[in-house]
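Take a look at the letters that make up each chain.
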Amino acid sequence: MQHMTDMMATGHNWMLLLTGLIMRYGAIIVFVFSFTEVIPPFSFVSPGIFVLIIAGTLAPTPGIFLLFVAAAVAGVTLGNMLLYRLGHFYGRGIAHYFHLTDERLLAVETFMKRFGRFDVFCGQFIGLIRPGIAFVAGTARMNANVYYSWMIASSILWALFYVSLGAFLHARLGLKVVAHIGALLFVIGCSAVLIQLVIMHRNRRNAAQH
């Protein structure tokens, strides 16, 4: 029980910190955290979604609201473009380093040609796989115009959804309640990560025993 209370307190502190940063630096913070949503290992711990929601609660005018959305789209797009280009230039070398054959790479290319648009579009909404989608798309030589089109379209919807969610929650519940919800989501997210780490540790231990 004490552990849960401590995590809730940590979540509140995080929310206060993020709120203060956004109030002071505005769209710059939205851009930075949206960028880190894509770049591993920061993408696994970045509270970018919380930043977008808080930004929505703090947007005083439609102009600022659109500025926050544009900053989020710019940040996540830049991160995706960087990983795509890294995959394009270095992905095959890394794949061969891990003993992936040309036949398997060809299978990945075929898959991306058939379903790549769907993967790129949906992958933007799932933080854990977003970096991998961009890197694999580059490694598979997915057409750049196709990749950028679907990625940017999805990024716009991603940013609009979370910033709008923040504005909606603020209008209906108030900033204080939103902060409590954010703290609760923080606790849930940390718990999910801890559970996943425990499962991975057990799987590795079982594999080593066998």
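This part covers the side chain of N80. Examined against the element boundaries, N80 turns out to sit in helix α4 (residues 62-97). At a separation of 2.9 Å, a polar atom in the side chain of N80 contacts the main-chain carbonyl oxygen of V76. Side-chain polar atoms of N80 contact the side chain of Q124, separated by 2.9 Å. Apart from the residues within four sequence positions on either side, N80 is in contact with V38, Q124, R130, A134, Y147, M151 and S155.

Before going further, it helps to spend a moment on the pattern of salt bridges. Taken as a whole and assessed by the stated rule, the structure comprises one salt bridge. With its nearest N and O atoms 3.5 Å apart, the salt bridge here joins E37 to R130. Taken as a pair, E37 in the loop between α2 (27-36) and α3 (48-58) and R130 in helix α6 (residues 130-139) lie far apart in primary sequence, 93 residues in all. The pair formed by E37 and R130 is uniform in burial state, with each residue classed as buried.

The subject of this paragraph is the confidence of the model for the protein. This prediction gives the protein a mean pLDDT of 76; 64% of its residues lie at or above 70. By mean pLDDT, helix α8 (residues 175-209) is the weakest element of the protein at 59, and α2 is the strongest at 91.

Before going further, it helps to examine a nonpolar patch on the surface. Residues F125, I126, L128, I129, L157 and F161 make up a contiguous nonpolar surface patch of roughly 550 Å² in combined accessible area. Relative to the assigned elements, L157 resides in helix α7 (residues 144-173). Owing to a relative accessible area of 42%, L157 belongs among the partly exposed residues under this scheme.

The subject of this paragraph is the nonpolar core. Judged by nonpolar contacts, the single largest core of 39 residues is most densely connected at I22, V30, V51, L52, F68, Y147 and W158. Looking at this core, the elements that each hand over two or more residues are α1 (2-25), α2, α3, α4, α5 (102-123), α6 and α7. Looking at this core element by element, the count peaks at nine residues for α4. If we skip the residues at most four places from it in the chain, F68 touches I22, G26, A27, V30, A55 and A59.

This brings us to α6. Counting buried positions along α6 gives seven out of 10 residues, so the element sits mostly inside the fold. Among all positions of α6, only R130, P131, I133, A134, A137, G138 and T139 are buried. At the exit of α6 stands R141, carrying a positive phi of roughly 60°.

So, how was this worked out
Residues numbered from 1 in each chain as written. Predicted model: local features only at pLDDT ≥ 70, side-chain atom pairs only at ≥ 80, totals over all residues. Heavy atoms only, no water. Helix = DSSP H or I, 4+ residues; strand = E, 2+ residues; numbered from the N terminus. Polar contact = N/O pair within 3.5 Å; in protein donor to acceptor, adjacent residues only side chain to side chain. Contact = heavy atoms within 4.5 Å. Salt bridge = Lys/Arg side-chain N within 4 Å of Asp/Glu carboxyl O. Buried < 20%, exposed > 50% of the residue type's maximum accessible area, 1.4 Å probe, protein only. pLDDT = per-residue confidence, 0-100. Patch = residues over 30% accessible without salt bridge, like charges linked within 9 Å, V, L, I, M, F, W, Y side chains within 5 Å. Areas by Shrake-Rupley, 256 points an atom, 1.4 Å probe, with all protein chains shown as cover. Core = buried A, V, L, I, M, F, W, Y, C linked by side-chain atoms within 4.5 Å.

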